[in-house]
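# Results of the structural survey
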Amino acid sequence: MSNFLFPSRLKKLRSKIGNQELDAIFISNAENRRYFSGFTSSAGYLLVTPDQAIICTDFRYTEQAAQQAPDWRVERIGGKPDWIANLVKELEIHKIGFEADDMTVNTLERFKKSLKENNVYAELHPTSDYGVDLRAYKDNNELELLENAIDIGDQAFEETASQLKVGMTEKEAAWIFEQAVRVRGAESISFDTIVAVGPNAARPHHEPSDSKIVEGQTIIFDCGARFKGYCSDLTRTLVLGEADDEIKRIYDIVLTAQLAAIELVTSGMTGEDCDAIARNIISEAGHGNDFGHSLGHGLGLEVHEQPGVGPNSKGKLENGMPFTIEPGIYIPGWGGVRIEDVVVLENDKARVLSHARKMKF
Ligand code: ZN
Ligand code: ZN
């Protein structure tokens, strides 16, 4: 990602600090760290004031930080948190926001203890939604990375689907996908692949097991690739051999609901409104109780992020936001069907970013 993006993100972050009347914000969430600074390590913090931008990290990462975030001051930190007291003293910051969704109680207590031991006064204020709100909107650069991740995931899925055989275990199928993703240049899968055969498919988040693919049963395959930090997410439901009438009937309801939501979602609609488009179709077909999860979710640096697209999602869906549309029907003892695509709102309508083939009967 080119460096010119980061100053504008930092500017937005600083305006949030001002709105909340804080002297500084302390960012601990790994994806937010990356989003605001470009620094991709697994450890460290950002400390941002109206005129300072500091990466606090240990000796393993200081060189990397200086390289990835040339405009940031890099502060080497150690195990004992005295560095926080030193920075508070130096910068004269007394109201510091921290990410309540991310910071552990333990870390917070250690910081407070260190401030006290060093006779430094600062209030630590819990905040949330720093970064999270901003990250719901993707700039063109991010969309390009996301589309790359989606293309890799889609191709890896198609390759896996062509290799599925009756008698193959769910774990074996998941492993084929994982290798196909890595071969195509992704750094990893974006979440643990879900392969659920027959009755296992009644559990939306089934873990791949030694269960074998059986002819004529549904297989839910939910998978994604991570490319330069961006996560794709795709679900297809497949059948090897002939699908019976019940599978065809359920599949048709889910597909109709999914295509309706894709066609009718517009910017300005709430996540709840979008969810209702698909949910009403599934309910009218008599399966309202069998669709127990949200219709979708935003995705980007994390596989689940804002906006929410569920029965209680009050936030608006707007141009520039990518999210999934993934209705499902799950029947205990029988199995399940879920179909998931990623869309992005552009010119008030959804553009579908996923291109993997869907099963047709
Ligand atoms: Zn998924
Ligand atoms: Zn999803």
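Let me sum up the structure you'll find in this document. (Residues numbered from 1 in each chain as written. Chains lettered and ligands numbered in written order. Predicted model: local features only at pLDDT ≥ 70, side-chain atom pairs only at ≥ 80, totals over all residues. Heavy atoms only, no water.)

Once that is clear, we can look at the sheet that holds strand β12 (residues 234-239). Taken together, three strands build an open sheet; the order of strands is β8-β9-β12 and the sheet is antiparallel. At either end of the open sheet lies a strand with only one pairing partner, and these are β8 (194-197) and β12. Each strand of the sheet is rotated relative to its neighbour by a mean of 10 degrees, with strand direction disregarded. Of the strand pairs in this sheet, β8 and strand β9 (residues 218-223) are connected by four bridges, and their pairing is antiparallel. Counterpart to alanine 196 in the pairing with β9 is isoleucine 220. The strands touched by helix α8 (residues 170-183) are β8 and β9; relative to β8, the strand with the most contacts, the crossing angle is about 145 degrees. (Pairing = 2+ DSSP bridges. Helix = DSSP H or I, 4+ residues; strand = E, 2+ residues; numbered from the N terminus. Axes fitted to C-alpha atoms, helices over the stretch in contact; angles between N-to-C directions. Contact = heavy atoms within 4.5 Å.)

Turning next to the coordination of the zinc ion (ligand 1). Bound to the zinc ion (ligand 1) on the protein side are Asp222 (OD), Asp222 (OD), Asp233 (OD) and Glu340 (OE), at distances that span 2.0 to 2.7 Å. Here the zinc ion (ligand 1) is ringed by four donor atoms whose angles at the metal span 54 to 146 degrees, and the overall shape comes out irregular. For the zinc ion (ligand 1), the single-chain donor residues occur in sequence as D-x10-D-x106-E. Between the zinc ion (ligand 1) and the zinc ion (ligand 2), a separation of 3.1 Å is found, and both are coordinated by aspartate 233. Of this pair, aspartate 222 sits in strand β9 while aspartate 233 sits in the loop between β11 (230-231) and β12, placing them eleven residues apart in sequence. (Donors = N, O, S within 2.8 Å, 3.2 Å for Na, K, Ca; no water. Tetrahedral: all angles 85-135°; square planar, octahedral: opposite > 155°, others 65-115°.)

Bringing the packing of helix α7 (residues 140-163) against α8 into the picture now. In the contact formed by α7 and α8, the axes pass within 8 Å of each other and the chain directions differ by 140 degrees. In this view, α7 runs oblique relative to α8, as classed from their interaxial angle. The way α7 lies across α8 gives a crossing that is right-handed. Note on element contacts: α8 touches α7 through Ala173, Ile176, Phe177, Ala180 and Val181, opposite Ile152, Gly153, Ala156, Phe157, Glu159, Thr160 and Gln163. For the contact of α7 with α8, the class distribution of residues is eight nonpolar, three polar and one charged. (Parallel < 35°, antiparallel > 145°, perpendicular 65-115°, else oblique. Left-handed = near helix turned anticlockwise from the far one by under 90°. Nonpolar A, V, L, I, M, F, W, Y, C, P; charged D, E, K, R; others polar.)

Before going further, it helps to examine the pattern of salt bridges. By the definition in use, this model includes 23 salt bridges. Residues arginine 249 and glutamate 246 are paired through a salt bridge, measuring 3.1 Å at the closest nitrogen-oxygen approach. You can see arginine 249 and its partner glutamate 246 sitting in helix α9 (residues 245-264), three residues apart, about one turn around the helix. Exposure remark for arginine 249: the relative accessible area of 37% places this residue in the partly exposed category. Notably, a salt bridge pairs glutamate 272 with lysine 314, separated by 2.8 Å at the nearest N-O pair. Linking glutamate 272 in helix α10 (residues 271-284) with lysine 314 in the loop between β14 (305-309) and β15 (322-325), this pair joins segments that are 42 residues apart in sequence. For glutamate 272, a relative accessible area of 25% translates into the label partly exposed. (Salt bridge = Lys/Arg side-chain N within 4 Å of Asp/Glu carboxyl O. Buried < 20%, exposed > 50% of the residue type's maximum accessible area, 1.4 Å probe, protein only.)

A word on the packing of aromatic side chains. This structure, assessed with the given rule, holds ten aromatic pairs. Between phenylalanine 26 and phenylalanine 111 the ring centres are 5.5 Å apart and the planes differ by 90 degrees, which places this aromatic pair in the edge-to-face class. Separated by 85 residues along the polypeptide, phenylalanine 26 in strand β1 (residues 24-27) and phenylalanine 111 in helix α5 (residues 105-117) bring together distant segments of the chain. With respect to burial, phenylalanine 26 and phenylalanine 111 carry one shared label: buried. (Phe/Tyr/Trp six-rings, centres within 6.5 Å; stacked < 30°, edge-to-face > 60°.)

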